[in-house]
Amino acid sequence: HKDGHYVEVFDSGRTFVANDGSHFAIGFVRNLSKLKESEKRARDNQQRLQAVLDSVNALIYQVDLQQRIVFVNQACADYLGDDAAALEGKTLLSYLDQQRGKLRAVRHQEVIDRKESITYDEEITTREGEVRHFYTVKTPLFDDQGNVTG
């Protein structure tokens, strides 16, 4: 940089031979500082959001259209009995009994078809035999074109 500090850059170039046999090169250099700053802000925001979601005593998760886990907060990971990173990519249904799995699949499809949130009360027995009552909210997520992604 002109003030003397180092700047991370991407450079690219190519040499050519003109019709008259002369050689020349074309190249460019791109300063990556703003890109690196933007990536850092995105990581920091993601970490703050994760900290907030992990501090909530509620089961929060995101699944894709095939009901594969994209995200779980710590409370949900604890409830399912696995590490959050290990849960990613697995189906939520593989962690539920058959009856609850079928009900979740039906409600998941209902949210996708309606393209709007649904709420309901449910009673779930934990692996330890404790009966817990949940107020459940399922909300569709959309991509930039308005298509449901999960």
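First, a word on scope: everything that follows refers to the structure included in this document. (Residues numbered from 1 in each chain as written. Predicted model: local features only at pLDDT ≥ 70, side-chain atom pairs only at ≥ 80, totals over all residues. Heavy atoms only, no water.)

**Some details on the packing of aromatic side chains**
Tallying each qualifying case throughout the model produces three aromatic pairs. Judged by centre distance (6.1 Å) and plane angle (50°), the ring pair of Phe10 and Phe28 falls under tilted. One end of the pair, Phe10, is in strand β1 (residues 9–17); the other, Phe28, is in strand β2 (residues 23–31), and 18 residues separate them in sequence. Here the aromatic rings of Tyr79 and Phe134 are separated by 6.2 Å at their centres, their planes lie at 75°, and the arrangement is edge-to-face. Taken together, the residues Tyr79 in helix α2 (residues 74–80) and Phe134 in strand β6 (residues 131–138) connect sequence positions 55 residues apart. Residue Tyr79 shares its accessibility class with Phe134, and that shared class is buried. The ring of Tyr120 has Arg107 sitting right over it, with the charged end atom 3.6 Å from the ring centre. (Phe/Tyr/Trp six-rings, centres within 6.5 Å; stacked < 30°, edge-to-face > 60°. Helix = DSSP H or I, 4+ residues; strand = E, 2+ residues; numbered from the N terminus. Buried < 20%, exposed > 50% of the residue type's maximum accessible area, 1.4 Å probe, protein only. Lys NZ or Arg CZ within 6 Å of the ring centre and 35° of its normal.)

**Comments concerning unusual backbone geometry**
Glycine aside, negative phi is the norm for most residues, and most peptide bonds take the trans geometry. Backbone geometry places Gln67, a non-glycine residue, at a positive phi of 65°. Note on placement: Gln67 falls in the loop between β3 (61–63) and β4 (69–72). Of the residues examined, Gln67 reaches a relative accessible area of 12% and is grouped as buried. Residues other than glycine seldom take positive phi values, yet Lys115 does so here, at roughly 60°. Given the relative accessible area of 48%, Lys115 is considered partly exposed.

**A few points about the pattern of salt bridges**
By the definition in use, this model includes seven salt bridges. Measuring nitrogen to oxygen at the nearest pair gives 2.8 Å for the salt bridge that ties Asp64 to Arg68. Judged by its relative accessible area of 13%, Asp64 falls in the buried class. If you follow the salt bridges from partner to partner, you end up with Glu110, Arg114 and Glu116 in one network. (Salt bridge = Lys/Arg side-chain N within 4 Å of Asp/Glu carboxyl O.)

**Considerations on the layout of surface pockets**
A probe as big as a water molecule, rolled over the atoms, marks out the empty space that is left. One number sums up the size of the largest pocket: a volume of about 660 Å³. Looking at the largest pocket, it is lined by 29 residues, and the ones nearest its centre are Leu59, Ile60, Tyr61, Val137 and Lys138. Among the residues forming the lining of the largest pocket, the class breakdown is 18 nonpolar, six polar and five charged. (1 Å grid on protein atoms, 1.4 Å probe; cavity = no way out; pocket = protein on both sides within 12 Å on 5 of 7 lines; lining within 4 Å. Points joined across faces, edges and corners; volume = space filled by probe spheres on them. Nonpolar A, V, L, I, M, F, W, Y, C, P; charged D, E, K, R; others polar.)

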